[in-house]
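# Topology and contacts: notes
Okay, here's what each chain looks like letter by letter:
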Amino acid sequence: MWYKLSNFILRNRVTLMVILLLITVFMGMQVKNLRWSFDLANIVPDDDVDMIYFKQFRETFGDDGNMMAFGIRDSAIYKIEAFQSFSKLVDSIAGKEGITSVIGIPNLQKYEKDGKSGSFKVRDVFTTIPSDQEELDQRLAEVAKLKLYSDQVFNTKNGATLVLITIDKNVLNSKARDVLIPEVLAEAEQFEKETGIDLRIAGLPYLRVTNTVRAKSELIMFTVLSLVVTGVILFLFFRSFKAVIFPIVIIAIVVVWVLGTLALLQYKITILTGLIPPIIVVIGIPNSVYMLNKYHQEYLSHGDQMKALRRIIRKIGVVTLITNLTTAVGFLVLISTQIKILVEFGIVAGINIMATFIVSIIMIPSVFSLYKPPSQKHLKHLDFKIMDKVLTLIDYFVHKFRPAVFFIFIGVVVVSGIGLSRIEAVSFMVDDLPEDDVVRKDLRFFEQNFSGIMPLEVIIDTGGKRGVQNLRNLRKIDQLESYLSSIEFISEPVSVVRFAKAARQAFYNQNEGFYSLPNGREMGFIMRYLSTSETEDISKSFIDSTGQYTRVSLKIADVGSVKLDSLVNQVVQPQIDTLFQNTKMSAKLTGTTLIFIKGNKFLIENLLTSMVIAFLIIAVIMGMLFKNFKMIVISVIPNMIPLLITAGLMGYFGIPLKPSTALVFSIAFGISIDNSIHLLAKYRQELFINKFDVSKSISVSIRETGSSMIYTAIILFFGFIIFTLSEFGGTIALGKLTAITLFVAMLTNVVLLPALIMQFDSGKRSTKSHPLIESVPELAEGIDDEMEASSK
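### As for the overall build of the protein
The number of helices and strands found in the protein is 26 helices and nine strands. Per-residue burial over the protein gives 57% buried out of 792 residues. Sequence-distant contacts, at least 24 apart, represent 80% of the contacts inside the protein between residues at least 6 apart. Total accessible area on the protein stands at roughly 33600 Å², and carbon and sulfur atoms take up 59% of it. In the protein, 80 side chains carry a positive charge and 73 a negative one; their mean positions are 8 Å apart.

Quick look at the structure:
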């Protein structure tokens, strides 16, 4: 099959290259249909109990993740000139299409009792922008009495204040947000220039837009960087511009295919799928390294260019197919997670890794057949003295110091196992941002001054229709709120109770001493006032249509998944159960923050499962290749140890297990097993050539495949390490840990794997059983020569 395929490719090389070009043009035309994802990843399954409850909450009360905030802590804001600019800022943002509401000191409203109509009227505190400092101070004194806004809009202790901006969810989920949010941010920047006052910005819409903008720039940056880095390394290896340009062209073709695949499948580009192009660059280049290395070895051996090109298809083709397949498996198993972003990532990466094989197996022989054979200068790398010394030293250690090799690796495994036991699984809402990032610094501002900005909701079932109007129920909710507000990193609650207290204060002409729940006698007439007041929007936001369910809205600091999980399940929920014991009332926590944290936990569990599946599938592939349980174990051990070492390093250096770090293991395992397949394939070939002399076969295998393994390891290491330049912590962790894992995998495959074979493989082969690996053309030297001779 591979003999016929090699002839077919070389005879029809121009036609095949034109077909690849046409496919590339078609894929390139699809790029205009690419869309960027703005939404937070939907990780928790739709049929999950908590997700169902969260969706019910949003249907009843609206979205809790459509608010962004400006924060200020500067006494200058209360000076007349700065405050006038502040007022203009608030009014300007409030007037923009797509902004549902803006709440800040300049446009605060209050209840005002109207005795004639028997109702509360909603009035502006600032009917006009103050003209002088005296007027401003009077209005600010009035604001300070409004307990409804205390520690919500302004911090009563240090004077910090914020502006809460609610964005229409339809705008937020459309392209209109790409115009609206930059306009809002431009207004903020202009305010800073005019006043010299720093504005802190936070909120999920801001975080999501910021991440999308960064992801766009990083897609281009890392694709270009990966091409440059791999190109430089290829030139250093092969000392030929042709050996650089054409592998880069091949990868550029596949990158276009990646983008076209995303568009055709109607997948949006996320932070994760945006990494596929540079990953394809890094993973795809080793195909060219192995093929070019073999091409040069063959040409040096016999000097026949076409024979050398046919042989790289026949001898490297099937092995490259298998190695690409195992790499693709590392990505495709992500489909088993049933998590949309991972499924899309796995499908697109898996398909295009196999596409890389197709393009490489056609382009490398076809293009180089159109050029002169390699010169002596281009073959110098085959006689690279330093590499030769390294491989000779490895061969010497494998033969003479196997016990020492085993002892060292066993020691490393033990030490890594201790580190593994120290790993913690923890994630944060802003995990992807570095500690010194401005977004993270701004988030700390809100945590220090307002206990956080991340949304958290408590949904209370009063046990019956109109239960929210029951004073006894309101007092229970008030007790719950008092408890929640006592927790350090939870903000003051906003609920129907807070508005009821504000109504009582308003009834007594804003006397601060009356900011509390009405008593039994007052409840009747205050409720009558409220029933005829302009409070419909407030009611809809906090009470359902039946009056049975109400929400308590909170903001929480980004305390991390472990702390939040402990807080919810071991502190808050037990307190709720105790508080509502022997009543008809019940309460449950929900909100975007809880769903996000649960999603990360769900993601980690599924990624670890996918790694196990990848391990099993690749073990089956190895079993089909070798039909020898001992060889399967021997081939898997050197590829499991790097994963264990990486896990150990994570434990020792305090790198938590989170989605980005969990993703490393299945991807790295799928890539690292490639080295084992190349070395074992060569070993099987040499066994037949050397009449089953294990020692000699291992020596030749190390020398002939070792250089390619080291070259590809260097490319993979530097290709992944460039991700540490990212602004996203997850991308940095993915790049750093994958680079380390693959470099260690090269060491284990070039040192430990030969040592294991020497120790446990006798070299004897059954004449009755012929595993699939023996059908590889690499093993049929004599047959190859006969077929080539007959074809001349």
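Once the structure has been displayed, the description carries forward.
### Description of unusual backbone geometry
A positive phi angle is found at Ser451, which is not glycine, with a value near 65 degrees. Of note, Ser451 is situated in the loop between α15 (438–450) and β7 (454–461). Even without being a glycine, Arg466 presents a positive backbone phi close to 60 degrees. Relative to the elements of secondary structure, Arg466 occurs in the loop between β7 and α16 (471–485).

### Some thoughts on the pattern of salt bridges
Applying the stated criterion across every chain, the model contains 22 salt bridges. Residues Glu183 and Lys96 are paired through a salt bridge, measuring 3.8 Å at the closest nitrogen-oxygen approach. With Glu183 in helix α7 (residues 177–195) and Lys96 in the loop between α4 (80–94) and β2 (99–103), this pair connects stretches of sequence that are 87 residues apart. Here Glu142 ties to Lys110 by a salt bridge, and the two come within 2.3 Å at their closest N and O atoms. Linking Glu142 in helix α5 (residues 133–145) with Lys110 in strand β3 (residues 109–114), this pair joins segments that are 32 residues apart in sequence. In this structure Lys110 comes out as buried when scored by relative accessible area, which is 15%. Sharing partners across several salt bridges, the network here consists of Lys110, Glu112, Arg123, Arg139 and Glu142.

### Focus: empty space enclosed by the protein
Applying the stated rule across the entire model yields seven cavities of 30 Å³ or more. If you add up the space inside the largest cavity, you get close to 200 Å³. Lining the largest cavity are 18 residues, and of these Ile283, Pro286, Tyr290, Ile671 and Asp674 lie nearest its centre. Going through the elements one at a time, α10 (276–302), α11 (305–332), α23 (659–689) and α24 (694–721) are the ones with two or more residues in the lining of the largest cavity.

### Section: the environment of His302
Residue position: His302 is located in helix α10. Residue His302 is classed as partly exposed on the basis of its relative accessible area, which comes to 27%. When the C-alpha positions of His302 and Thr337 are compared, they lie 50 Å apart, and in sequence the two are 35 residues distant. With near-sequence residues (within four places) excluded, His302 lies in contact with Lys307, Ala308 and Arg311.

### Some points on the sheet that holds strand β1 (residues 67–72)
Read across the sheet, four strands follow the order β2-β5-β1-β6 without closing on themselves; strand pairing throughout is antiparallel. Of all the strands in the sheet, just β2 and β6 (200–203) have a single pairing partner and so form its edges. Along the sheet, successive strands turn relative to each other by an average axial angle of 20 degrees, direction set aside. Pairing geometry for β2 and strand β5 (residues 161–167), over four bridges, is antiparallel.

### A few points about helix α9 (residues 242–264)
The end-to-end C-alpha distance of α9 is 33 Å, a good match for the 33 Å that 23 residues give at a rise of 1.5 Å each. Counting buried positions along α9 gives 17 out of 23 residues, so the element sits mostly inside the fold. One or two positions beyond α9, positive phi appears at Gln266, with a value near 60 degrees.

### Overview of the side chain of Thr273
In this fold, Thr273 is placed in the loop between α9 and α10. Judged by its relative accessible area of 1%, Thr273 falls in the buried class. With sequence-adjacent residues up to four places away left out, Thr273 is seen in contact with Leu262, Lys268, Glu344 and Phe345.

### Looking at the packing of aromatic side chains
One pass over the structure, following the stated rule, counts 21 aromatic pairs. Here Phe83 and Phe126 contribute two aromatic rings whose centre-to-centre distance is 5.2 Å and whose plane-to-plane angle is 35 degrees, an arrangement assigned as tilted. One end of the pair, Phe83, is in helix α4; the other, Phe126, is in the loop between β4 (119–124) and α5, and 43 residues separate them in sequence. Classification of Phe83 by relative accessible area gives buried; the value is 1%. Phe126 gets classed as buried once you look at its relative accessible area, which sits at 6%. Site record: aromatic cluster; members linked through ring pairs are Phe83, Phe86, Phe126 and Phe191. The cationic tip of Arg551 hangs over the ring face of Phe542; the distance from NZ or CZ to the ring centre is 5.5 Å.

### Overview of the packing of α23 against α24
In the contact formed by α23 and α24, the axes pass within 8 Å of each other and the chain directions differ by 160 degrees. In terms of their interaxial angle, α23 and α24 are classed as roughly antiparallel. Where α23 crosses over α24, the two elements pack in a sense that is right-handed. Across the interface between the two elements, Ile671, Asn675, His678, Leu679, Lys682, Tyr683, Glu686 and Leu687 from α23 touch Val694, Ser697, Ile698, Val700, Ser701, Glu704, Thr705, Met709, Thr712, Leu716 and Phe720 from α24. Residue composition of the contact of α23 with α24, by class: 10 nonpolar, six polar and three charged.

### What about the nonpolar core?
Core analysis: the largest hydrophobic core is formed by 144 residues, its most contacted members being Leu342, Phe345, Leu663 and Phe720. Once you skip the residues sitting within four places of it in the chain, Leu342 turns out to touch Leu272, Leu334, Thr337, Leu603, Leu607 and Leu663. Counting 105 residues, the second largest nonpolar core, distinct from the first, contains Leu140, Leu456, Val458 and Leu471.

### Digging into the sheet that holds β7
One open sheet accounts for three strands, arranged β8-β7-β9; its pairing is antiparallel. Looking at strand neighbours, the two that pair on one side only are β8 (549–556) and β9 (586–590), the edges of this open sheet. Taken over all neighbouring pairs, the strand axes of this sheet differ in orientation by 20 degrees on average, direction set aside. Pairing between β7 and β8: eight bridges, direction antiparallel. Of the residues in β8, the one forming a bridge with Glu457 is Ser553.

### Side note on the side chain of Asn324
Structurally, the position occupied by Asn324 is in helix α11. Take Asn324: its relative accessible area is 5%, and that puts it in the buried class. At 2.7 Å, the side chain of Asn324 and the backbone oxygen of Thr320 are in polar contact. If near-sequence neighbours (up to four positions away) are discounted, Asn324 is found in contact with Asn287, Ile353, Met354, Thr356 and Phe357.

### Focus on the pairing of β3
Working note: regular strand, side chains alternate between the two faces of the sheet. Summarising the sheet, β3 and β4 pair through six bridges and their orientation is antiparallel. Counted as the bridge partner of Asp114 is Ser119 from β4. The turn joining β3 and β4, which pair antiparallel and follow one another in sequence, is formed by four residues; a positive phi near 65 degrees is taken by Gly118.

### Some thoughts on α4
With 15 residues, α4 should cover 21 Å at 1.5 Å per step; its first-to-last C-alpha distance of 21 Å lies within 8% of that length. Buried residues of α4: Ile80, Ala82, Phe83, Ser85, Phe86, Ser87, Leu89, Val90 and Ile93, and no others. Where α4 is buried, its residues touch β1, β2, α5, β5 and α7.

### Some thoughts on a positive patch on the surface
A cluster of basic residues, Arg35, Lys175, Lys268 and Lys340, forms a positive patch at the surface. Tracing the sequence through the fold places Lys175 in the loop between α6 (169–172) and α7.

### Thoughts on the confidence of the model for the protein
On average, residues of the protein score 84 in pLDDT, and 93% of them are at 70 or above. Within the protein, the lowest mean pLDDT, 43, falls on helix α26 (residues 781–791), and the highest, 95, falls on α4. In the predicted structure, residues 777–792 sits below a pLDDT of 50 and forms 33 contacts with residues beyond four places in sequence or in another chain.

The rules behind these values
Residues numbered from 1 in each chain as written. Predicted model: local features only at pLDDT ≥ 70, side-chain atom pairs only at ≥ 80, totals over all residues. Heavy atoms only, no water. Helix = DSSP H or I, 4+ residues; strand = E, 2+ residues; numbered from the N terminus. Buried < 20%, exposed > 50% of the residue type's maximum accessible area, 1.4 Å probe, protein only. Contact = heavy atoms within 4.5 Å. Areas by Shrake-Rupley, 256 points an atom, 1.4 Å probe, with all protein chains shown as cover. Lys, Arg positive; Asp, Glu negative; His and termini not counted. Charge placed at Lys NZ, Arg CZ, Asp CG, Glu CD. Salt bridge = Lys/Arg side-chain N within 4 Å of Asp/Glu carboxyl O. 1 Å grid on protein atoms, 1.4 Å probe; cavity = no way out; pocket = protein on both sides within 12 Å on 5 of 7 lines; lining within 4 Å. Points joined across faces, edges and corners; volume = space filled by probe spheres on them. Pairing = 2+ DSSP bridges. Axes fitted to C-alpha atoms, helices over the stretch in contact; angles between N-to-C directions. Expected span 1.5 Å × (residues − 1). Phe/Tyr/Trp six-rings, centres within 6.5 Å; stacked < 30°, edge-to-face > 60°. Lys NZ or Arg CZ within 6 Å of the ring centre and 35° of its normal. Parallel < 35°, antiparallel > 145°, perpendicular 65-115°, else oblique. Left-handed = near helix turned anticlockwise from the far one by under 90°. Nonpolar A, V, L, I, M, F, W, Y, C, P; charged D, E, K, R; others polar. Core = buried A, V, L, I, M, F, W, Y, C linked by side-chain atoms within 4.5 Å. Polar contact = N/O pair within 3.5 Å; in protein donor to acceptor, adjacent residues only side chain to side chain. Patch = residues over 30% accessible without salt bridge, like charges linked within 9 Å, V, L, I, M, F, W, Y side chains within 5 Å. pLDDT = per-residue confidence, 0-100.

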